[in-house]
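Reading the structure
The residues making up each chain are set out below.
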Amino acid sequence: MGWAVAVAVLLSASPTFVTRGDVTPEADLRREAQAAWTSLETQYAAQAGGLPTRAPATVTIQKGTSLTPERNAQGRPGMVELRQNTPGALDAKTRTALRHELAHQLLWWACPASSEDRLFHEAFALTVSGELPAWRDGPYQSLSRAAKEVASAPAVDTSRARRGLARILGEHTGFPAALTRRLRQCHDGARWAAPLTVEELADVAVLAPEAATVVVSRHSGEVLFSEGDVRRAVPYGSTLKPFLYAAGTAVARGGASPRDASGSGGTSEANAPPLLAPRQGVQEWACGAGLPPKVDARLALLRSCNGWFLDWEATGLAPKAFGVWGPVLSAVGLTGLPSDMTEAIGLRSAHGLSPWGMAQAYRLLAEARPDVLTLLTGNVDEGTLSGLATSKALKGVATKTGTVRDAASRPQFGWIAAVDADLVAVIVRPGKMPRHFVDELPALLTRVRRQAGLEAARVQVLGLLPSAAVEARCSGAGFSLDDGTPRAAPPDFSRLDALTAKGPTVCLGSPWRVRFPDGPDGGRDYAGVFTWSAPPPYRPPPGVPTTPSALKARRGSDFVFRTTRVQYTAGVVAAEDVTLKGEARVALARVAAHNERHAATRHPGRALCDTTHCQAFRGTVRIRPEETRALQLPALKWDAWLTFSQGGDTPWREARPRTEVEALLGTNLVSLRFESGRVRYLRTEGTPAAPYEDARSLPCDTLRAGLKLPSCPQRASFDGPQVLFEGQGRGHGEGLDVEAAKASPGLSSDALLERAFGAWRTRPPTP
């Protein structure tokens, strides 16, 4: 057999079908399974463009012992359970049920990324198993009613839900285009960023309008407030016009090598959005009184002038399918890219996007194109939200509105997308225009801001590691920014320095997962934005001994990570002492948050580091109530860096080679003693004929860190080639003693902090 023939056999190999004798006749059952698999495999390959190179696993077929009355079969990877009412008879129902379950087995093998997407699995199985005609029989069912039936049973495991799904699948002739797109995505190895939606499957919005509101953090990406079905895609109206503007102005803004904003040939700065004359009497140009003789892109965006965008398309210079922003919108759930400008600006509601997806897209737009966000702050002055009682309350907030109308021009949906310094908010209201519910927006932003610590916090991370050794992966939709242009991040782990080489990198829909050699299995979560920012060279103070590790810590890191202040605080507390509870945890959280605002004492002009030179931070974690409460309390009164240590009173005794100690303090040591947070020592200087003793001192923490001692020693003695150190507790011993705080359950965080730092009102701690 030739090599090509062997490959063809491998690619079309069927699984081994194993029966257990409880469904008969076994030989006929296996032949039926073989024939069904071949048919399903052919249909899959035709739509996906190919099959996996690996062989499918064994599939066991047996009698079901726990099937519900309305189910004829069920399965899990590698196992199919059938109902057989009459032994020895493979009737039509049994054969159909077998084909349906084998369709699931095929997807588990060929498209494992879709394993958790129940709607996709059921839609594929109904389409390829040959059972659609039977499900379609029965009384007429409207598309919206069918969608509600599916929505009420997201697992699509009831007769009503499957009948509704069959109605939706019958909306278009041939193999459903949405399934073909998803199958090709799977075969190409793309991420399954968002589950299949009913709207995507039907290619139209089919559910009745419902109110929805979502607010996400610009910094961490987490959902801070959600109300209604924020994951349901609906027509988006004019809300995506800023992405057209961003795609069409990328070249003029960059001013570097030409980039094609449309994805279809070369372009140049001359192709920037044009000045266009309004056309009198054209409804699409009815976008407010007092339009100038020539309208630019800025005013067209603020006034939401449909006519300008349509005429822009007529010039042949407008971006197609949202240009470089099309992949971003698709990644966050846009049900299809527009075929022309009428679909892109929402005049025709051919596609939809969920409020959650809209918020994620605006989060990335805010990171990539702050100039576009600045433009949109003018919406309350001269755009679609101007001249309202609420306009002043939204000063400085970037907003974009959208209205979806029916054939009689009545509003079906109103959209408002809003971005301020920390938040992205999206509000969708059925049957209303945005100007009629914009007064909800200031109250919404105020309500969310009651969650303390939502402002940005920055920290230099992973500085003790070689930059090339750090890798990151986004399980949602990751994008690196190249001078304002989003580039999709690889789906697998890739070097973080490459991701941040040309701009920030953002993970939409999930935290970054970061790993490095000798790090924790599986890596760490970092919910936020990474940026490359190489620190200046570090020069240690003259005469201060510094270990190589300390040099790295004091230099800082090439990676700067931005998240929310509460996420940062929680990460510090978890890294320093994950066991803390109650008021002791609140006290440490208040110190961590306070120190984030005093980074200049550690790294002037830069963010804090994540090592003990500043305070430990090993990624973002689940926020506990203590961290939230800590940031709701008043700011601390000490205008200085506040130190803390594990503390405690457990005695310890450790030896270090004298050569190692003298590498830090210098040779010819005579004595060592410790007091007031410093190490004081004598060294023999001069000549053998005229020796003298030179007294010196250093911060005790320099010695502790350099020798990796548990805490600042209390005593030291010379023992031949070694130096013996004795002490108690852990850490540098200054400021907040965490172990002592744990042992003081009756004290409030205020009392614990006053006990630790009260005297520092007149004497700041030693840096």
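Here, the structure is the one placed above.
This report concerns the structure included in the present document. (Residues numbered from 1 in each chain as written. Predicted model: local features only at pLDDT ≥ 70, side-chain atom pairs only at ≥ 80, totals over all residues. Heavy atoms only, no water.)

With that out of the way, let us pick up the packing of helix α22 (residues 582–596) against helix α23 (residues 625–632). For any two helices packed against each other, the geometry is given by the interaxial angle and the distance between the axes. Across the interface, α22 lies against α23 with an axial gap of 8 Å and an inter-helix angle of 55 degrees. Considering the angle they form, α22 stands oblique to α23. For α22 against α23, the interelement crossing comes out right-handed. Touching G582, E583, R585, V586, A589, R590 and A593 of α22 are E626, E627, R629, A630 and L631, all from α23. In terms of residue class, the contact of α22 with α23 is built from five nonpolar, one polar and six charged. (Axes fitted to C-alpha atoms, helices over the stretch in contact; angles between N-to-C directions. Helix = DSSP H or I, 4+ residues; strand = E, 2+ residues; numbered from the N terminus. Parallel < 35°, antiparallel > 145°, perpendicular 65-115°, else oblique. Left-handed = near helix turned anticlockwise from the far one by under 90°. Contact = heavy atoms within 4.5 Å. Nonpolar A, V, L, I, M, F, W, Y, C, P; charged D, E, K, R; others polar.)

Here we come to the environment of V529. Along the chain, the position of V529 falls in strand β18 (residues 529–532). Between the C-alpha atoms of V529 and H219, which are 310 residues apart in sequence, the distance is 6.6 Å. Residues within four places of V529 in sequence aside, it is in contact with R218, H219, R363, E367, P504, T505, V506, V560, F561 and R562.

It is worth spelling out α22 at this point. Residues three or four positions apart in an α-helix share a direction because the helix packs 3.6 residues into each turn. Taking 1.5 Å of rise per residue, 15 residues should cover 21 Å, and α22 covers 22 Å from first to last C-alpha, within 8% of that figure. Extensive coverage of α22 is indicated by the burial of 13 of its 15 residues. (Expected span 1.5 Å × (residues − 1). Buried < 20%, exposed > 50% of the residue type's maximum accessible area, 1.4 Å probe, protein only.)

Spatially, β23-β24-β25 is the arrangement adopted by the three strands of the open sheet, whose pairing is antiparallel. Only two strands of the sheet have a single neighbouring strand rather than two, namely β23 (669–675) and β25 (691–699). For this sheet the average axis-to-axis angle between neighbouring strands, irrespective of direction, equals 20 degrees. In the sheet, strand β24 (residues 678–686) pairs with β25 via nine bridges, with the strands oriented antiparallel. Bridging from a neighbouring strand, T684 pairs with E693 of β25. Sitting on the sheet, helix α24 (residues 658–665) touches β23, β24 and β25, and the angle it makes with β23 is about 75 degrees. (Pairing = 2+ DSSP bridges.)

A separate point is the pairing of strand β3 (residues 73–76). As defined by bridge partners, β3 adjoins strand β4 (residues 79–82) across four bridges and the pair is classed as antiparallel. Paired with Q74 across the bridge in β4 is E81. Hairpin connection between β3 and β4: a loop of two residues separates the two successive antiparallel strands, and G78 in this loop has a positive phi of roughly 85 degrees.

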